[in-house]
Amino acid sequence: MKQSEINPFELSDDNKRYQTYNYYLRRRFGKKVFKVSLNLGLGCPNRDGTKGFGGCIYCSEKLSGDFAGDPCDSIERQYEAVRASMENKWQGGCCIAYFQAGTNTYADCGFLEDAFKRALRLDGVVGLSIATRADCLDAQKADMLSRLATKTYLVVELGLQTVFDETAAVINRCHSYEDFIRGYSLLADRGINICVHLIDGLPGETGDMMIRSARQVGLLRPHAVKLHLLHVLKETKLYEMYKRGEVRPLELDEYVDIICRQLEVLPKETIIERITGDGRA
Ligand code: SF4
């Protein structure tokens, strides 16, 4: 008997208790789909003073796009290079063009639409994933994304990290939960798929607060969620805090317990894109 026939969870064929992205994409596209990370070099309003200075305390020099292409190259060249490196691992799959680094709606709407359309014309691309801040969306951009979503599988990835404004202040997020809900609603009202990012282990947060963040996000019924473990990268403000003993990274058993509890409070239809992540070594 195949494992999928005895699996107690209906949205998995490898005995997971949650719906993985791999499962969802294989069902939707009939083959392996992987993300190819691209970098438009747009920067971030939380770095340049528009929203704040210095960025989120954990953000790397490459604006959380450490695995993305080189912004000096065209989208086409970045795609070719990143895809080729990933094909060592997965051959014969198709790709989601992932605008990962920085804030990918932080530009003129026409420029963004052109970049996203160019990505859609790349060989093997079956979808778009666009990472941004919820406070960098407006009705015009949401309408543009909504038009694109009629042509392809499109997901907008929104960094939230925590529902607690007091933690958002500590991490220098420079937007509130209310700001997040405003941007989220612009997308959700247009039926656009949304993936919400949360980080576990943020300074000052208890396990119960992390579960409450997951529960509250679950109530929004997003298309997907990414759960990250806070990791301390060198040359970040977080690293300075860590050296001063102001941050204690979660231990493995604590993290596993929190993740299991978060999975329990998220809707079963919500895709779990990640339950951890890696920084560049
Ligand atoms: S919003 Fe994203 S890109 Fe901007 S500073 Fe924070 S983590 Fe970095």
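Further up the page is the structure itself.
Since the structure is predicted, the reported quantities are computational estimates derived from the model, not experimental observations.

Moving on, we come to the sheet that holds strand β5 (residues 193-200). Spatial strand order, β1-β2-β3-β4-β5-β6-β7: seven strands in an open sheet with parallel pairing. Among the strands making up the open sheet, the edge pair consists of β1 (33-38) and β7 (271-274). Sheet twist, expressed as the average angle between the axes of neighbouring strands with direction ignored, equals 25°. In the sheet, strand β6 (residues 224-229) pairs with β7 via three bridges, with the strands oriented parallel. Bridging across to β7, V225 finds its partner in I272. Where helix α4 (residues 109-120) meets the sheet, its contacts fall on β2 (94-99) and β3 (125-132), and the angle it forms with β3 comes to roughly 145°. Of the strands in this sheet, β4 (153-161) and β5 touch helix α7 (residues 177-188), which is tilted by about 170° from β4.

We now examine the packing of α4 against helix α5 (residues 139-149). Closest axis-to-axis distance for the α4/α5 pair is 10 Å, and the angle between their directions is 20°. Put simply, α4 runs roughly parallel to α5. The way α4 lies across α5 gives a crossing that is right-handed. Of the residues in α5, those in contact with C109, L112, E113, F116, K117 and L120 of α4 are Q140, K141, M144, L145, R147 and L148. A class-by-class count of the residues in the contact of α4 with α5 yields seven nonpolar, one polar and four charged.

Take the pattern of salt bridges next. Going through the model one piece at a time under the given rule, you end up with 23 salt bridges. Residue E10 pairs with K268 through a salt bridge whose shortest N-O separation is 3.0 Å. Here E10 is found in the loop between α1 (3-6) and α2 (21-29), whereas its partner K268 is found in the loop between α10 (252-265) and β7, with 258 residues between them in sequence. Note on E10: relative accessible area 56%, which makes it exposed. Given a relative accessible area of 38%, K268 falls into the partly exposed group. A salt bridge links E113 to K117; its shortest N-O distance comes to 3.4 Å. You can see E113 and its partner K117 sitting in helix α4, four residues apart, about one turn around the helix. If you follow the salt bridges from partner to partner, you end up with K35, E157, K226 and E273 in one network.

Each value, and the rule that gives it
Residues numbered from 1 in each chain as written. Predicted model: local features only at pLDDT ≥ 70, side-chain atom pairs only at ≥ 80, totals over all residues. Heavy atoms only, no water. Pairing = 2+ DSSP bridges. Helix = DSSP H or I, 4+ residues; strand = E, 2+ residues; numbered from the N terminus. Axes fitted to C-alpha atoms, helices over the stretch in contact; angles between N-to-C directions. Contact = heavy atoms within 4.5 Å. Parallel < 35°, antiparallel > 145°, perpendicular 65-115°, else oblique. Left-handed = near helix turned anticlockwise from the far one by under 90°. Nonpolar A, V, L, I, M, F, W, Y, C, P; charged D, E, K, R; others polar. Salt bridge = Lys/Arg side-chain N within 4 Å of Asp/Glu carboxyl O. Buried < 20%, exposed > 50% of the residue type's maximum accessible area, 1.4 Å probe, protein only.

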